[in-house]
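A structural walkthrough
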Amino acid sequence: GAGVSQSPSNKVTEKGKDVELRCDPISGHTALYWYRQRLGQGLEFLIYFQGNSAPDKSGLPSDRFSAERTGESVSTLTIQRTQQEDSAVYLCASSFESRGEQFFGPGTRLTVL
Amino acid sequence: GENVEQHPSTLSVQEGDSAVIKCTYSDSASNYFPWYKQELGKRPQLIIDIRSNVGEKKDQRIAVTLNKTAKHFSLHITETQPEDSAVYFCAASKGNTPLVFGKGTRLSVIA
């Protein structure tokens, strides 16, 4: 079956522009996560959706970052007024339950010039 | 909140030798401890995980041990091969909370 997919795979933008990143989780997975991975660094938690519960936004680094999820399917991560320090790979993951194995997507490499 | 420390940050071993990566966690309520392998330019993939009701789990050349009292867990890779070269991440979570990852260990297996 299809795994987690993300689009675009690469995004180059100018400082100050808004970007929208998309994640399609594995069908039937109730939990969805967004992480940020800077070059050569670990995975930094951003936001977590579980079913119809209110999302856990505790990892969002600033109010320029927001995310939405439609039911138990697609999620979009929006970064407004991008800054150079936003340059990173943004990884999405999903799991069948919140305690289950997380399956990662291929990531979106964001470059802010 | 939870804090996960991972050591070493880099590790080089000769092919055929064993590799050990160690992690400590701060929240005694954490009960799920996965290990992910990330090859260069690829997505992280789960290689083994352990829950707090067991102390050790093994899958072929890979094993994980958990010491709840000391709040640390370790990844053991035996008979290392060049294809084991990657960055390895440990993580911890409790109940329905997101994973908190360590900063990763870059393992190099020298042929």
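As shown above, the structure is provided for reference.
Our subject in this report is the structure included herewith. Everything numeric here is computed off the predicted structure, so don't read it as measured data. For every chain, the first residue of its written sequence is number 1, and the numbers climb from 1 along that sequence. Key to labels: chains lettered from A, ligands numbered from 1, both in the order written. Under the rules for a predicted model, residues below a pLDDT of 70 receive no local features and side-chain atom pairs below 80 are neither given nor counted, while totals for whole chains, interfaces and linings still include all residues. In computing side-chain values, all of the structure's heavy atoms are included and hydrogens and water are not.

1. A few points about unusual backbone geometry
- The omega torsion of the bond from A:Ser7 to A:Pro8 falls at -10°, within 30 degrees of zero and hence cis.
- Structurally, the position occupied by A:Pro8 is in the loop between β1 (5–7) and β2 (10–13).
- A cis amide bond links B:His7 to the next residue, B:Pro8, at an omega of -5°.
- For B:Gln60, which is not a glycine, the phi torsion comes out positive at approximately 60°.
- The topology assignment puts B:Gln60 in the loop between β6 (56–59) and β7 (62–67).
- Owing to a relative accessible area of 72%, B:Gln60 belongs among the exposed residues under this scheme.
- With a phi close to 45°, B:Glu79 is a non-glycine residue in the positive phi region.
- Per the convention used, a helix needs a DSSP run of H or I reaching at least four residues, while a strand needs a run of E reaching at least two, with both numbered from the N terminus. You can see B:Glu79 is positioned in the loop between β8 (72–77) and β9 (86–92).
- Buried residues are those whose accessible area, probed at 1.4 Å on protein chains only, stays under 20% of the maximum for their type, while exposed residues exceed 50% and partly exposed ones sit between those limits. Judged by relative accessible area, which is 54%, B:Glu79 ranks as exposed.

2. A look at the sheet that holds strand β3 (residues 19–24) of chain A
Residues and elements named next belong to chain A.
- When DSSP finds two or more bridges between two strands, those strands count as paired. An order of β1-β3-β7-β6 is seen for the four strands of this open sheet, with the pairing classed as antiparallel. The open sheet has two edge strands, β1 and β6 (65–69), and neither has a second partner. Each strand of the sheet is rotated relative to its neighbour by a mean of 15°, with strand direction disregarded.
- Sheet topology note: the β1/β3 ladder contains three bridges and is antiparallel. From the neighbouring strand, Ser-7 faces β3, where its bridge partner is Arg-22. Angles run from 0 to 180 degrees between N-to-C directions of axes, and those axes are lines fitted to C-alpha atoms, restricted for helices to the stretch in contact.

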